[in-house]
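# Geometric and topological summary
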Amino acid sequence: MIHDARTCREIEATTDSDDRSTPSFDQPRIEAAVREILLAIGENPDREGLLDTPSRVARAYGEMFGGLDQSPAAHLARQFPQDGSDPVMVTDIPFTSMCEHHLLPFTGVAHIAYQPQHGRVVGLSKLARTVQILARRPQQQERLTQQVREAIEEHLDPAGVLVMLEATHSCMQIRGAKAHGASMKTRSVGGRWERDAATRREIQEMMVGK
Ligand SMILES: [Zn+2]
């Protein structure tokens, strides 16, 4: 069973709207810090174009880091019975995260496959929610990939699971090596797919071949 993430986005738009900032999120403090940054680069934070920038950046951070006080648990706990143990695959789940080294965004897509073994699966939008909640924090792509895999293992205990992320990092594109267009692929495998190279290869080919 392969599903395009577009379906997830549609489902999500109607069922999930719990985006919010973390309770510890201190908007005035971020505004003050952004004003400091503007001063430190030699800008005038009081000129017209920059007047609202600190509050705009603070609101954007509220969104980008909104996953810090959220857990995928509530989403992944909503399971339903399904016969058989054929692998479930969802590809092209879009996400945006913030690289914790530079606080610059990295964006891409996640592909998830798992093989149920207890006759229970989760709704496809819940996998998308899981990726997005774990992405909206200071992150490293490798860790995000592992955390998605771990969340699925914890809540579904699948026979096998494979998570792949493809993303472009703005910190790579706009500074340092200026590697425009370079994308980073990460993978995390669990369960029996870790040892079963043939199935793993088949799943991966389905993922990238689409
Ligand atoms: Zn970075």
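To keep things clear, this report deals only with the structure shown in the data block. None of these values were measured; they are calculated from a predicted model.

## Section: unusual backbone geometry
One non-glycine residue with positive phi stands out, namely Asp92, at about 60°. Secondary-structure assignment places Asp92 in strand 3 (residues 88-99). On the basis of relative accessible area, Asp92 is assigned to the partly exposed category, the value being 23%. Here Asp157, not a glycine, exhibits a phi torsion of approximately 45°, which is positive. Among the structural elements, Asp157 can be located in the loop between helix 6 (141-156) and strand 7 (160-169).

## Quick notes on helix 5 (residues 124-135)
Look at helix 5: 17 Å from first C-alpha to last across 12 residues, which is about the 16 Å you get at 1.5 Å a residue. Among the 12 residues in helix 5, 12 count as buried, and that is most of the element. For helix 5, every residue scored as buried is listed here: Leu124, Ser125, Lys126, Leu127, Ala128, Arg129, Thr130, Val131, Gln132, Ile133, Leu134 and Ala135.

## Observations regarding the pairing of strand 7
Of all 10 residues in strand 7, nine are buried; the element is thus mostly enclosed. The pairing of strand 4 (residues 104-115) with strand 7 spans 10 bridges and is antiparallel. Among the inter-strand pairings, Ala113 is bridged to a residue of strand 7, identified as Leu162. Strand direction decides the pairing type here: strand 7 and strand 8 (residues 184-191), joined by eight bridges, are antiparallel. In the strand pairing of strand 8, Val161 is matched with Gly190.

Conventions and cut-offs
- Residues numbered from 1 in each chain as written.
- Predicted model: local features only at pLDDT ≥ 70, side-chain atom pairs only at ≥ 80, totals over all residues.
- Heavy atoms only, no water.
- Helix = DSSP H or I, 4+ residues; strand = E, 2+ residues; numbered from the N terminus.
- Buried < 20%, exposed > 50% of the residue type's maximum accessible area, 1.4 Å probe, protein only.
- Expected span 1.5 Å × (residues − 1).
- Pairing = 2+ DSSP bridges.

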